[in-house]
Amino acid sequence: MASSTVRPEDQDRLAEQDVAGRLLESAAKLSYDPATEVDWDTPLDTEHHGASPEWSTLYGTAYWRELSEAQRKALTRQEAASVASTGIWFEMILQQMVLRDMYAKDPTDPRFQWALTEVADECRHSIMFARGAAKLGAPAYRPHRMVVELGRAFKTLAFGEAAYAAILVAEEVLDVMQRDWMRDERVAPFVRTINNIHVVEESRHMKFARDETRKHLRGAGPVRRRINALVVAIASYYIVTSMVNRDVYANAGLDAERARTEARANEHHKSLMRSSCSGLMEFLASARLLTRPALFFYKRAHLI
């Protein structure tokens, strides 16, 4: 007599398909078109910040106290544009990793369809960030050449939990910043709209990244887990430390050397990063990805 018992692997697959199906439903009900939702036509009002000033890398320093309000606003606009540019760089890595993961898989599977939906979201987000950075009056900020090449290698070689956990770190760090910025009336209205769109749509992406990380770790042995914990931590270090380009200070009209020196020593900003990443670190700990070597890089990036 045939058994009616559902195998554990089949239960897992059905659960994953159910999650993907709900994400697809959510995307159908609550998604945005930045081309029409964001006010691209109104000229930039330089009386606004580009990000909440408390998130500036100089906030709380002696140099910050010396700056005029106009200089502070110019700086946060450059910093916000740099964060957006770094977001574009990593979203392009993300898209390639997700497409590679789904290559030649069952297109009728809701997970496959959700993955393509996520890629489509990220394409819109990248264009939105690019237009936002241009409207903020910023140049094309890019990570250091070495980091760009490391990213090239990472997107080609990373798979499974290494890919999805790194995706999650990038999304979570940006999400925490943008939740503050989108509610702050000191921030330019079009930037707040951009942040709101990204926060709403990225919440679905983070759910998928967490679930995929857990799924891939189910069959991971201790050696693989330790190796990928370190890979994710190194990727996280370079993502986070590339968010604010070293050229933002000169482009805001500041003394670049002094600004970089005070930013590196800014305990307020380090503390803000650590507190904002507490939930992310809890997840990584629950997934047993906070090994001692990994902690070294998270501490260097001031994420823990």
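Calculation notes
- Residues numbered from 1 in each chain as written.
- Predicted model: local features only at pLDDT ≥ 70, side-chain atom pairs only at ≥ 80, totals over all residues.
- Heavy atoms only, no water.
- Helix = DSSP H or I, 4+ residues; strand = E, 2+ residues; numbered from the N terminus.
- Rg over C-alpha atoms; globule rule 2.2 N^0.38 Å.
- Buried < 20%, exposed > 50% of the residue type's maximum accessible area, 1.4 Å probe, protein only.
- Axes fitted to C-alpha atoms, helices over the stretch in contact; angles between N-to-C directions.
- Parallel < 35°, antiparallel > 145°, perpendicular 65-115°, else oblique.
- Left-handed = near helix turned anticlockwise from the far one by under 90°.
- Contact = heavy atoms within 4.5 Å.
- Nonpolar A, V, L, I, M, F, W, Y, C, P; charged D, E, K, R; others polar.
- Phe/Tyr/Trp six-rings, centres within 6.5 Å; stacked < 30°, edge-to-face > 60°.
- Arc of directions from axis to C-beta.
- Polar contact = N/O pair within 3.5 Å; in protein donor to acceptor, adjacent residues only side chain to side chain.
- Salt bridge = Lys/Arg side-chain N within 4 Å of Asp/Glu carboxyl O.
- Core = buried A, V, L, I, M, F, W, Y, C linked by side-chain atoms within 4.5 Å.

1. Observations regarding the overall build of the chain
Along the chain, the regular secondary structure elements total 14 helices and zero strands. Its helices and strands in sequence order give the chain the pattern α-α-α-α-α-α-α-α-α-α-α-α-α-α, from N to C terminus. Against the compact-globule benchmark of 19 Å for 304 residues, the chain has a radius of gyration of 20 Å, which places it among compact chains. By principal-axis analysis of the C-alpha atoms, the chain measures approximately 80 × 45 × 30 Å. Among the 304 residues that make up the chain, the fraction classed as buried is 53%.

2. Focus: the packing of helix H4 (residues 69–102) against helix H8 (residues 189–217)
Contact pair H4 / H8: the axes reach a minimum separation of 14 Å and the direction vectors enclose 45 degrees. One element, H4, and the other, H8, form an angle in the oblique class. The chirality of how H4 crosses H8 is left-handed. Where H4 abuts H8, its residues Glu 91, Asp 101 and Met 102 lie against His 198, Glu 202, Phe 208, Glu 212 and His 216. For the contact of H4 with H8, the residue count by class is two nonpolar, two polar and four charged.

3. Digging into the packing of aromatic side chains
Counting across every chain of the model gives seven aromatic pairs. Note on Tyr 237 and Phe 297: the rings are 6.2 Å apart at their centroids and 70 degrees apart in plane angle, and the pair reads as edge-to-face. Taken as a pair, Tyr 237 in helix H9 (residues 222–241) and Phe 297 in helix H14 (residues 292–300) lie far apart in primary sequence, 60 residues in all. Each member of the pair, Tyr 237 as well as Phe 297, carries the same accessibility label: buried. Linked through ring pairs, Tyr 237, Tyr 238, Phe 296 and Phe 297 together constitute an aromatic cluster.

4. Points about helix H12 (residues 267–276)
Within H12 the residues assigned to the buried category are His 269, Lys 270, Leu 272, Met 273 and Ser 276. Down the axis of H12, the smallest arc covering the buried residues is 160 degrees, so these residues share one side. Looking at the packing, one finds that the buried side of H12 touches helix H7 (160–183), H9, helix H11 (256–264) and helix H13 (278–286). Between a side-chain oxygen at the N-terminus of H12 and the backbone nitrogen of His 268 the separation is 3.0 Å; the capping residue is Asn 266.

5. Topic: the pattern of salt bridges
For the structure shown, the criterion picks out 22 salt bridges. With its nearest N and O atoms 2.6 Å apart, the salt bridge here joins Asp 121 to Arg 124. Note that Asp 121 and Arg 124 are positioned in helix H5 (residues 110–135) at a spacing of three residues, about one turn of the helix. Residue classification places Asp 121 among the buried positions, given a relative accessible area of 2%. One salt bridge in this structure joins Asp 211 and Lys 207, with 3.4 Å as the shortest N-O distance.

6. Details of the environment of Thr 261
Along the chain, Thr 261 turns up in helix H11. Sequence separation between Thr 261 and Ser 52 is 209 residues, and the spatial gap between their C-alpha atoms is 21 Å.

7. Remarks on the environment of Val 19
Within the fold, Val 19 resides in helix H1 (residues 8–29). You can call Val 19 buried: its relative accessible area is 13%.

8. Some remarks on the nonpolar core
Counting 92 residues, the largest nonpolar core has Leu 58, Val 173, Tyr 249 and Leu 303 as the members making the most contacts within it. Broken down by element, the residue count for this core peaks at 14 residues, all from H4.

9. Overview of unusual backbone geometry
With a phi angle near 65 degrees, Ala 104 is a residue other than glycine that sits in the positive phi range. With respect to the helices, strands and loops of the structure, Ala 104 is situated in the loop between H4 and H5. In this model, His 302 sits at a positive phi of 60 degrees, which is unusual for a non-glycine residue. Along the polypeptide, His 302 turns up in the segment after H14. You can call His 302 partly exposed: its relative accessible area is 25%.

10. Points about the side chain of Arg 225
Tracing the backbone through its elements, the reader meets Arg 225 in helix H9. At 2.7 Å, the side chain of Arg 225 forms a polar contact with the backbone oxygen of Ala 287. The residues contacting Arg 225, other than those within four sequence positions of it, are Leu 217, Ala 220, Ala 287, Arg 288 and Leu 289.

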